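Fold and geometry: a report
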Amino acid sequence: MNTSLIRSSRPLLVGALALALAACASTHGLQPQGRLLDADGLQAGKALAGTPLSAAGFPAAEWWRALGDPQLDALVAEALRGSPSLEAADARLRQAQAQAAGSNAERKPSLTLSPGYTGMQLPESMLGEAGGHYAGSVQVVANFSYGVDLWGGKRAAWEAAVDSQHAAEVDAQAARLDLSAAIVQTYVQLAHAAAQQRVANDELTRSEKLLQLTRQRRSAGIDSDLQVRQAEARLPLARQQQLAAQQQIDTSRNALAALLGQGPDRGLQISLPAELSPLALQLPGVLPSELLGRRPDVVAARWRVEASNKQIDAAKARFYPSLNLMALGGVVSKDIGSLLESGSTFGLLAPALSLPIFDGGRLRAGLARSDADHDLAVASYNHTVVDALREVADQVNAVRSLGSQVENQQQALDTTRAANDLALQRYKAGIGNYLDVLSTQDPLLQAEQRLSNLHAQQLLSSVRLSAALGGGFQPADHAPPVSAANVIPNSQESSR
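Here the structure is a predicted model, which means the values were calculated and not measured.

Let's talk about the pattern of salt bridges
Scanning all chains against the criterion turns up 22 salt bridges. Across the pair lysine 310 and glutamate 306 runs a salt bridge, and its minimum N-O distance is 3.9 Å. Taken together, the residues span about one helical turn, with lysine 310 and glutamate 306 both in helix H9 (residues 296-317) at a distance of 4 residues. Each member of the pair, lysine 310 together with glutamate 306, is buried.

See below:
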């Protein structure tokens with residue numbers, strides 16, 4: 001085609017391109033509806049009023065060490081080294097990393113080199129004298145391809161994959177937080193079962209002493225067989241409570257062994273804990289906004305919102321023309337020695353422009369799906385934020401309430417124990433009767449059990465509060481913003 005023909009056809013080509021662009025699928029009327037909650041709009045000041053505030057109120061990275069139990073520290077460290085529950089989160093992270101690497105590769109040119117040999121012999125029945133001879137050729141072909149990212153769609157898809165990778169990274173950290181919190185809570189339950197066993201042991205000791213005293217009084221003619229039988233009846237009850245406590249101990253040990261990724265025999269190696277003290281109640285003075293960056297589940301949900309934004313940009317880019325550059329070149333010859341001769345080379349350049357004109361609504365459906373995915377990600381984020389703040393408020397209220405309940409129950413226990421001691425002394429001295437002792441021994445057992453239960457609940461609430469405050473999670477420097485700003489990129493806010 002000569003130069004004058006090209007010049008004369010240029011207006012026609014431009015007009016055809018303009019018409020094609022005008023006929024492209026439209027994005028009109030498609031946009032996401034979701035909006036992120038503003039953390040500053042979530043009021044929690046009154047609910048958390050009266051709680052000590054601290055600039056360092058967020059838990060430390062290994063917050064469970066504040067309980068001061070070396071065995072617990074070793075169990076958590078063992079679980080974090082190789083629990084099967086972490087393998088799934090780590091595998092999902094590797095999937096996300098591979099997806100991000102693949103999306104990045106789509107943005108880059110590709111070059112393949114294909115050496116080969118072709119041999120052929122056609123029959124004389126088809127070609128006459130020209131047939132019947134074998135002919136072969138050696139070829140080396142290089143294939144270059146590059147899809148030009150005219151509208152940034154490939155870059156947006158890569159950025160979405162990177163954001164999903166960040167979410168998977170945070171999910172892996174969240175899995176470790178969940179595992180450590182589960183270890184600590186199960187260990188607290190083991191400590192509670194051990195405390196219940198000590199209560200049962202004390203009750204058995206009291207019942208045995210009371211039975212011995214009652215037998216002595218019967219021998220002295222003061223009490224009858226009825227009192228002896230009543231005293232004997234208390235022993236099986238105390239032993240039953242011992243067995244129930246041992247069952248809870250065994251169950252807790254088995255649960256700890258499973259969390260460690262080990263068999264039940266591993267649990268038998270775990271010693272019974274001494275009494276644990278609740279973690280100190282304090283809150284950071286920057287709630288609720290800073291909480292959003294300290295909770296791994298919230299940060300992961302925010303990364304997924306960012307990824308959904310980029311997916312919308314990638315879906316929009318598909319509405320516009322795409323340009324693909326392809327070049328093919330190589331050498332071919334009947335023998336290897338002739339490959340480098342100038343007459344053996346060949347080449348092909350084939351740029352291609354693709355215009356989405358009529359697609360049956362596939363592009364609009366794809367964009368609508370990306371918009372819906374964005375709205376789902378925003379809704380999940382908003383729910384996670386609200387739930388995170390609720391968890392903190394619940395555990396703060398529980399720790400405060402249980403602290404007061406423990407104090408009152410301790411006073412009740414002290415009073416009940418003094419009454420029991422007095423009734424027992426009067427019974428020994430012969431100025432009191434057996435019913436007076438029974439009337440104080442049952443409330444004493446109940447008070448001891450109730451105090452043990454409240455103490456365990458208080459300890460569990462303090463542990464759950466540490467987990468609700470993020471469990472020592474530290475956001476990365478490149479973490480997304482936690483405010484409602486930038487929920488929709490400018491490209492999405494523009495006219496569609």
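Once you've had a look at it, read on.
So, the packing of H9 against helix H10 (residues 362-429)
At a minimum axis separation of 9 Å, H9 and H10 run at an interaxial angle of 165°. Overall, the two elements H9 and H10 adopt an arrangement that is roughly antiparallel. Between H9 and H10 lies a crossing of left-handed hand. The residues of H10 that touch H9, namely those facing Asp297, Val298, Ala301, Arg302, Arg304, Val305, Ser308, Asn309, Gln311, Ile312, Ala315 and Lys316, are Gly366, Leu367, Ser370, Asp371, Asp373, His374, Ala377, Val378, Tyr381, Thr384, Val385 and Ala388.

Here we look at the layout of surface pockets
In this structure, the largest pocket encloses a volume near 370 Å³. Residue lining of the largest pocket: 19 residues in total, with Ala195, Arg198, Val199, Glu275 and Ser452 positioned closest to the centre. Mapped onto the lining of the largest pocket, the elements with two or more residues apiece are helix H5 (153-219), H10 and helix H11 (434-468). If one sorts the elements of the lining of the largest pocket by residue count, H5 sits on top with 7 residues. Per-class residue counts for the lining of the largest pocket are 10 nonpolar, 4 polar and 5 charged.

Considering the nonpolar core
Nonpolar side chains in soluble globular proteins generally cluster together in the buried interior. The biggest cluster of nonpolar side chains holds 31 residues, and the ones touching the most others in it are Trp63, Leu72, Ile183 and Val184. With 12 residues, the top contributor of residues to this core is H5. In this structure leucine 72 touches Trp64, Leu67, Ile183, Val184 and Tyr187, once residues within four positions along its chain are discounted. In this structure, Leu292, Val305, Ala468 and Leu469 belong to the second largest nonpolar core, which totals 18 residues.

Structural notes on the environment of leucine 75
Along the chain, the position of leucine 75 falls in helix H2 (residues 70-82). Accessibility expressed as a relative area gives 4% for leucine 75, which makes it buried. Between the C-alpha atoms of leucine 75 and isoleucine 270, which are 195 residues apart in sequence, the distance is 9.0 Å. Beyond its immediate stretch of four places on either side in the chain, leucine 75 contacts Ile183, Tyr187, Leu256, Leu260, Arg266 and Ile270.

So, how was this worked out
Residues numbered from 1 in each chain as written. Predicted model: local features only at pLDDT ≥ 70, side-chain atom pairs only at ≥ 80, totals over all residues. Heavy atoms only, no water. Salt bridge = Lys/Arg side-chain N within 4 Å of Asp/Glu carboxyl O. Helix = DSSP H or I, 4+ residues; strand = E, 2+ residues; numbered from the N terminus. Buried < 20%, exposed > 50% of the residue type's maximum accessible area, 1.4 Å probe, protein only. Axes fitted to C-alpha atoms, helices over the stretch in contact; angles between N-to-C directions. Parallel < 35°, antiparallel > 145°, perpendicular 65-115°, else oblique. Left-handed = near helix turned anticlockwise from the far one by under 90°. Contact = heavy atoms within 4.5 Å. 1 Å grid on protein atoms, 1.4 Å probe; cavity = no way out; pocket = protein on both sides within 12 Å on 5 of 7 lines; lining within 4 Å. Points joined across faces, edges and corners; volume = space filled by probe spheres on them. Nonpolar A, V, L, I, M, F, W, Y, C, P; charged D, E, K, R; others polar. Core = buried A, V, L, I, M, F, W, Y, C linked by side-chain atoms within 4.5 Å.

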